[in-house]
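Now for the letters of each chain:
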Amino acid sequence: MRILRRISAVILGFTFFIAGLLKLMDPVGAGLVMEEYFKFLHLDFLRQASYFAGAAMALLETVIGIALITGVWRKFISYLTLAFMGAFTLLTVALVIFNPVMDCGCFGEAVHLTHLQSLIKNVVLLGLWALAYLPMRSLEPTRKVKYVSFSIATVSVCLFLLYSVFSIPMVDFTDYKPGTELSSLETVDWTRSEDIVLLSFSDANGQYADSLALQGDVIAASVYNPEKMDSREWQKLSQLADRAAAKGFTPLVLTASTPDMITETVSSPELLPYIYFADRKTLLTLNRSNGGATFISDGQIVTKWPVNRLPDTEKLEQLASTDPIESLVTENHPAKLKLQAFLLYVCAVILLL
């Protein structure tokens, strides 16, 4: 029975840990999920806090997972876990009843569950909790070394969140992940609707210009909150556009602003000829960094950069002279290895220490 209790706690813990870490890797995406929940609960006044709330909830979920696996403060953590799961189970019941058009966000962008699947998942986790912690009086004491492993792992995931705030997800699970083939409204085959991925951006006259992203090598900067871009960041985009044009790329600046507002927002007038307009949600999905850039080759997304690590001239020369498929592998594979190494490190700390 003791072994069954520990196995149940570890499975429950790893579910929390992986679900939380996937959202910590993408705090912008976690904020979007919280924004949808606030909208569903008619708490629109909290929308401005959705980014912070999403990151905080993801961090709490991850830390609970670490605590469940290491077995620290078992009684307190068991009550905290029950309260957490109970609240979200009730919320999921409401989602099943009212069936709003939204994703539960349980595992970030990596796994999409229907509301019913999410409810079943929560019920199963409640069953694991019962196996792990009932009856409470028979809970075993925790070895002191586990408090050390809990502390090391918790500090590590906090640093991981800090890295994610200033970067883009190490592994992209969105519809615009590297390797995705884009389509345009002019060439789309509606008989294969499941494969259609559109950027749907237009010029100042409202004419769709998706075809610009399907021809040759393109560097597309996405600005989903133009009012939050300072003059230094606009200048960086202007310099990127100049570098890209000089190396044979087509520079695009996709913004969620409107044609009549953009001249007041952009502090670098030389960018205006490159500016096009798209939906904010589309730009958030294309690149999580406000002002980040995406390399697209003949309609295929190759790689992305955050606004604080835009490609320099040397990188653009390398991309221009390298086969896009090779660039797709070499530019994205190291980030996947970093994530795998981090996961192995944290798992080693919480299981072996």
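Up top you'll find the structure we're talking about.
Residues numbered from 1 in each chain as written. Predicted model: local features only at pLDDT ≥ 70, side-chain atom pairs only at ≥ 80, totals over all residues. Heavy atoms only, no water.

## With respect to a nonpolar patch on the surface
Step number 1: Taken together, the side chains of Tyr51, Val155, Leu159, Leu162, Val165 and Phe166 present a nonpolar region at the surface, about 570 Å² in accessible area.
Step number 2: For the nonpolar patch, the element with the most residues is helix 6 (residues 145–165), which contributes four residues.
Step number 3: If you trace the backbone, Val165 turns up in helix 6. (Patch = residues over 30% accessible without salt bridge, like charges linked within 9 Å, V, L, I, M, F, W, Y side chains within 5 Å. Areas by Shrake-Rupley, 256 points an atom, 1.4 Å probe, with all protein chains shown as cover. Salt bridge = Lys/Arg side-chain N within 4 Å of Asp/Glu carboxyl O. Helix = DSSP H or I, 4+ residues; strand = E, 2+ residues; numbered from the N terminus.)

## Regarding the side chain of Ser50
Step number 1: The residue Ser50 is located in helix 3 (residues 50–70) in this model.
Step number 2: What makes Ser50 buried here is its relative accessible area of 6%.
Step number 3: Ser50 has contacts with Gly31, Met34, Glu35 and Phe38, leaving out every residue within four places of it along the chain. (Buried < 20%, exposed > 50% of the residue type's maximum accessible area, 1.4 Å probe, protein only. Contact = heavy atoms within 4.5 Å.)

## A closer look at the pairing of strand 4 (residues 292–297)
Step number 1: In terms of burial, strand 4 is largely enclosed, as six of its six residues are buried.
Step number 2: Pairing geometry for strand 1 (residues 217–223) and strand 4, over six bridges, is antiparallel. Along strand 4, the bridge assignment pairs Val218 with Ile296.
Step number 3: As defined by bridge partners, strand 4 adjoins strand 5 (residues 300–305) across five bridges and the pair is classed as antiparallel. Paired with Ser297 across the strands is Gln300, a residue of strand 5.
Step number 4: Linking strand 4 back to strand 5 in an antiparallel pair, the connection comprises two residues, with Asp298 at a positive phi of about 50 degrees. (Pairing = 2+ DSSP bridges.)

## Regarding the packing of helix 4 (residues 74–98) against helix 5 (residues 115–133)
The relative placement of two packed helices is expressed as an angle between their axes plus a distance between the axes.
Step number 1: The contact between helix 4 and helix 5 brings their axes to 9 Å, and the two run at 160 degrees. With respect to helix 5, the element helix 4 is oriented roughly antiparallel. In this structure, helix 4 meets helix 5 at a crossing whose hand is left-handed. In contact with Arg74, Ser78, Thr81, Leu82, Met85, Phe88, Thr89, Thr92, Val93, Leu95 and Val96 of helix 4, helix 5 contributes His115, Leu116, Ser118, Leu119, Asn122, Leu125, Leu126, Trp129 and Tyr133.
Step number 2: When the residues that make up the contact of helix 4 with helix 5 are grouped by side-chain class, the tally is 12 nonpolar, seven polar and one charged. (Axes fitted to C-alpha atoms, helices over the stretch in contact; angles between N-to-C directions. Parallel < 35°, antiparallel > 145°, perpendicular 65-115°, else oblique. Left-handed = near helix turned anticlockwise from the far one by under 90°. Nonpolar A, V, L, I, M, F, W, Y, C, P; charged D, E, K, R; others polar.)

## Observations regarding the pairing of strand 1
Step number 1: Of all seven residues making up strand 1, six are buried, and the element is well covered by its neighbours.
Step number 2: As judged from the six bridges shared by strand 1 and strand 2 (residues 250–255), these two strands associate in the parallel manner. Residue pairing in the sheet places Ser222 in a bridge with Leu254 of strand 2.
Step number 3: Chirality of the crossover, the property in question, places the unit of strand 1, helix 7 (residues 231–246) and strand 2 among those that are right-handed. (Right-handed = clockwise from strand over helix to strand, strands pointing away.)

## Here we look at the packing of aromatic side chains
Step number 1: Under the counting rule described, the total for this entry stands at 11 aromatic pairs.
Step number 2: Ring centres of Phe14 and Phe17 lie 6.5 Å apart, and the angle between their planes is 85 degrees; on these two criteria the pair is classed as edge-to-face. Placement of the pair is Phe14 and Phe17 together in helix 1 (residues 2–24), with a separation of three residues, close to one helical turn.
Step number 3: On the basis of relative accessible area, Phe14 is assigned to the partly exposed category, the value being 22%.
Step number 4: With a relative accessible area of 0%, Phe17 lands in the buried category.
Step number 5: Members of the aromatic cluster, joined through ring pairs, are Phe16, Phe84 and Phe88. (Phe/Tyr/Trp six-rings, centres within 6.5 Å; stacked < 30°, edge-to-face > 60°.)

## Here's the deal with the sheet that holds strand 4
Step number 1: Pairing within the open sheet is mixed, and its five strands lie in the order 3-2-1-4-5. The open sheet terminates on both sides in strands that have one partner only, identified here as strand 3 (275–277) and strand 5. Taking the axes of each pair of neighbouring strands and ignoring which way they run, one obtains an average angle of 30 degrees across the sheet.
Step number 2: Relative to the sheet, helix 7 contacts strand 1, strand 2 and strand 4, its axis offset from that of strand 1 by approximately 170 degrees.
Step number 3: Running over the sheet, helix 11 (residues 324–352) touches strand 4 and strand 5 and is turned about 35 degrees from strand 5.

None of this, on its own, says anything about what the molecule does.
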